[in-house]
Amino acid sequence: MGRKSRDSRRTRVAAEPAPTAPAADSGRALAALALGWAIPGGGHLWLGRRQKGVVFLLALPLMFAIGLWLEGALAPFDPIQPLVLLAALADLGNGVPYLIAAIAGLGEGRVVAATFEYGNTFLIVSGLLNMLVALDAYDVALGRK
Amino acid sequence: MPSHFLAMLVFAGLVSLVFAVLLRDEPGEQARLSGLLFGAFVVTGVVLGWILLPFPL
């Protein structure tokens, strides 16, 4: 193979578009987001991030359970009280544990309990953290992380 | 829970753990960040508690 032939091959290769990464599957990312919301750590486990998924699966429901044990309340969806509504949305971030607790009638709260506000804090923060975790799973599925 | 301080320790521990695992990929880095966040939470909580002590509820 002569020098001219090698040069023309180089020119051709350089002119070809670089192979692109496979298009991010937005459906898969949305599934990871939904699974991550429903089951804390579920999105990471589904994406093969086992260590992270297991930690989230243990820590977040434990926080939620401690919140219920401390007699915190699951805030009602009351549009007349915006702050209560925000707390309700944060509680909803817990996913399936929230739904189970709501159906089972847990999370009524006891306002006079010394630990009432501690319980609320655990419930709200666990929901907000789970939202962050679910968004992280979404980013992982899109290949951003 | 027997004490408010214990409640704060448990809260700080769990939040630190979740943040560290979320933000770092290596177990060693996760442990280091978790410890740092936990210490920051506890020290800040105690300092704020002392600062707020003179204020009546």
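Preceding this paragraph is the structure being described.
Quick notes on the rules
Residues numbered from 1 in each chain as written. Chains lettered and ligands numbered in written order. Predicted model: local features only at pLDDT ≥ 70, side-chain atom pairs only at ≥ 80, totals over all residues. Helix = DSSP H or I, 4+ residues; strand = E, 2+ residues; numbered from the N terminus. Buried ≥ 20, exposed ≤ 12 C-beta atoms within 10 Å, placed from the backbone. Contact = placed C-beta atoms within 7 Å. Nonpolar A, V, L, I, M, F, W, Y, C, P; charged D, E, K, R; others polar. Core = buried A, V, L, I, M, F, W, Y, C linked by C-beta atoms within 7 Å. Expected span 1.5 Å × (residues − 1).

Asker: Give me the overall build of chain A: which residues, what numbers.
Answerer: Within chain A, the secondary structure is distributed over 7 helices and 0 strands. Starting at the N terminus and walking to the C terminus, you meet the elements of chain A as α-α-α-α-α-α-α. Within chain A, buried positions represent 43% of all 145 residues. Once local pairs closer than 6 in sequence are excluded, the contacts in chain A between residues at least 24 apart make up 70%.

Asker: Quick one: what's the story with unusual backbone geometry, residue by residue and with numbers?
Answerer: Backbone geometry at Glu71(A) places phi at a positive 65°, although glycine is not the residue there. One can find Glu71(A) in the loop between helix H4 (50–69) and helix H5 (82–92).

Asker: Got a sec to walk through the interface of chain A and chain B? Specific residues and values, please.
Answerer: Each partner contributes to the interface: chain A provides 18 residues, whereas chain B provides 10 residues. Counting residues per element, the ones that place at least two in the side of chain A that touches chain B are H4 and helix H7 (116–142) of chain A. Within the side of chain A that touches chain B, the residues separate by chemical class into 14 nonpolar, 2 polar and 2 charged.

Asker: Could you give an account of the nonpolar core, with specific residues and numbers?
Answerer: With 43 residues, the main nonpolar core has Ala32(A), Ala59(A), Met63(A), Phe122(A), Ala137(A) and Val18(B) as its most contacted residues. Put simply, the parts of the chain that give this core at least two residues each are helix H2 (26–38), H4, H5, helix H6 (96–103) and H7 of chain A together with helix H1 (4–23) of chain B. Here the element with the most residues in this core is H7(A); it accounts for 12 residues. Here Met63(A) is in contact with Phe122(A), Val125(A), Ser126(A) and Leu14(B), once residues within four sequence places are set aside.

Asker: Hey, could you go over H4(A) for me, with residue numbers and the actual values?
Answerer: Taking 1.5 Å as the rise per residue, H4(A) with 20 residues should run 28 Å; its terminal C-alpha atoms sit 28 Å apart, in good agreement. Among the residues making up H4(A), those that are buried are Lys52(A), Gly53(A), Val55(A), Phe56(A), Ala59(A), Leu60(A), Pro61(A), Met63(A), Phe64(A), Ile66(A), Gly67(A) and Leu68(A). Structurally, H4(A) contributes buried residues whose contacts are with helix H3 (42–46), H6 and H7 of chain A together with H1 of chain B. Where H4(A) terminates, the next one or two residues include Glu71(A), which has phi positive at roughly 65°.

Asker: Tell me what's going on with H1(B), and back it up with residues and numbers.
Answerer: Across its 20 residues, H1(B) extends 28 Å between first and last C-alpha, which sits within 8% of the 28 Å expected from 1.5 Å per residue. When H1(B) is considered as a whole, its buried residues turn out to be Ala7(B), Phe11(B), Leu14(B), Val15(B), Ser16(B), Leu17(B), Val18(B), Ala20(B) and Val21(B). Looking at the buried residues of H1(B), the elements they touch are H4 and H7 of chain A together with helix H2 (27–52) of chain B.

By themselves these figures say nothing about function.
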